[in-house]
Amino acid sequence: MARRPIALVTAAVLFLEAPGIVAINAVMARFVKAQSMSLDGLDPDVMYTGTWALGIGSGALLLLCGLVPLIAAIRDRRPGRPGRALLVGCAVVHGVLGAVAVGLLGWAAFAFLMAVVALIVLTLVAYGETTARPEQVPDAPEAPAAA
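What you see is a predicted model; the values in this text were computed from it and never measured.

### Quick notes on the overall build of the chain
- If you tally the helices and strands in the chain, you get four helices and zero strands.
- For the chain, the α and β elements follow one another from N to C terminus as α-α-α-α.
- The buried share of the chain, taken over its 147 residues, is 27%.
- Contacts spanning at least 24 positions in sequence make up 66% of the contacts within the chain whose residues lie at least 6 apart.
- As displayed, the chain offers around 9600 Å² of accessible surface, 71% of which is attributable to carbon and sulfur atoms.

### Concerning the environment of Glu129
- On the secondary structure map, Glu129 appears in the segment after α4 (107-126).
- Separated by 51 residues in sequence, Glu129 and Arg78 have C-alpha atoms that sit 8.3 Å apart.

### Topic: the packing of helix α3 (residues 81-104) against α4
- Contact geometry for α3 and α4: axes closest at 8 Å, N-to-C directions at 165 degrees. If you check the angle between α3 and α4, you find them roughly antiparallel. Read as a crossing pair, α3 and α4 show a hand that is left-handed. Along the contact surface, α3 presents Arg84, Leu87, Val88, Cys90, Ala91, His94, Gly95, Leu97, Gly98, Ala99, Ala101 and Val102, while α4 presents Trp107, Ala109, Phe110, Leu113, Met114, Val116, Val117, Ile120 and Leu124.
- Counted by class, the contact of α3 with α4 contains 17 nonpolar, three polar and one charged residues.

Definitions and limits used
Residues numbered from 1 in each chain as written. Predicted model: local features only at pLDDT ≥ 70, side-chain atom pairs only at ≥ 80, totals over all residues. Heavy atoms only, no water. Helix = DSSP H or I, 4+ residues; strand = E, 2+ residues; numbered from the N terminus. Buried < 20%, exposed > 50% of the residue type's maximum accessible area, 1.4 Å probe, protein only. Contact = heavy atoms within 4.5 Å. Areas by Shrake-Rupley, 256 points an atom, 1.4 Å probe, with all protein chains shown as cover. Axes fitted to C-alpha atoms, helices over the stretch in contact; angles between N-to-C directions. Parallel < 35°, antiparallel > 145°, perpendicular 65-115°, else oblique. Left-handed = near helix turned anticlockwise from the far one by under 90°. Nonpolar A, V, L, I, M, F, W, Y, C, P; charged D, E, K, R; others polar.

Listed below in structure tokens is the structure:
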């Protein structure tokens, strides 16, 4: 199976998605600042700062999520438990965003987000439980001799 290329493509997509998310939040922050928008009486400067913080935080998390399949591809071993949990969380977030994106942005955005979900899940499945090489499997203990 082509585990390494799948993991490398997943990492590349997540790495390319990170600056895109930061850029989208930068545009939204500029709109908030230019329009002096507020939510339920909050200070517009707080909304501006919060939008930037969300964009930078989301971008950093996507970079972290991209590191997991990259390291898995380099080592050719499945990610550890925290890495798998991070990828599962990333897939869930992309799934929810895909459901929202259908109504707001259209089917193209939905298709992109579902492709990312598919890559993440394929990476997790490709590096499943049964991927140990024969030389890595410890020998079974010998049974005691019958009397």
